[in-house]
Every structure is written in structure tokens, then in C-alpha cells.
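# Observations on the model geometry
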Amino acid sequence: MGYSVKIDSDKCIACGACVSLCPRGILEIRDGAAVSNTPEKCDGLAGCVRKCPTDAIKVTFR
Ligand code: SF4
């Protein structure tokens, strides 16, 4: 059990806000959109979801 991080690359504008905010450092910008490089480390704090200006990130418990 853990959290799932999904980023809609069509919505992402690569602003980097989620990358600098994540305390676990699991997000990076790659090929013009944010991606989660180690999603298994997500704590589900979901600050990235609130910070994203385009509502591109979904964090769900699975
Ligand atoms: S905060 Fe949203 S728009 Fe900005 S890089 Fe992250 S996912 Fe993309």
C-alpha cells in the first residue's frame, strides 16, 4: 500500500513548482513535463497537488 502520483503531461506547463516543493524530491522535469522518478517514496502530503497551477497532479492512496 502507498500513494500513486499521476501527472497529466498535457496539462503540465513545466513550471517546476511541484519539483521544488516536494520534501521527498520525487519529482523532476523531463521532456517538458513533470514526472515522478521514485513514486514509491511519496508520503501523500499532496502539497504538489495544491501548488500546481494547472491541476495536473493527482495523488491517490492505493
Ligand atoms: S506544478 Fe503542475 S504545471 Fe508545474 S511542473 Fe508541476 S505538474 Fe507541471
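Cut-offs applied
Residues numbered from 1 in each chain as written. Predicted model: local features only at pLDDT ≥ 70, side-chain atom pairs only at ≥ 80, totals over all residues. Heavy atoms only, no water. Helix = DSSP H or I, 4+ residues; strand = E, 2+ residues; numbered from the N terminus. Buried < 20%, exposed > 50% of the residue type's maximum accessible area, 1.4 Å probe, protein only. Polar contact = N/O pair within 3.5 Å; in protein donor to acceptor, adjacent residues only side chain to side chain. Contact = heavy atoms within 4.5 Å. Pairing = 2+ DSSP bridges.

## Some details on the side chain of Ser 4
- As for its position among the elements, Ser 4 is in strand 1 (residues 3-7).
- Judged by its relative accessible area of 11%, Ser 4 is buried.
- Of note is the side chain of Ser 4, whose polar atom sits 3.2 Å from the side chain of Lys 6.
- Setting aside residues up to four positions removed in sequence, Ser 4 forms contacts with Lys 58, Val 59, Thr 60 and Arg 62.

## A look at the pairing of strand 3 (residues 33-36)
- Sheet topology places strand 2 (residues 27-30) next to strand 3; four bridges connect them, and they run antiparallel. Paired with Leu 27 across the two strands is Ser 36, which belongs to strand 3.
- What sits between the antiparallel neighbours strand 2 and strand 3 is a turn of two residues, in which Asp 31 has the positive phi angle 55°.

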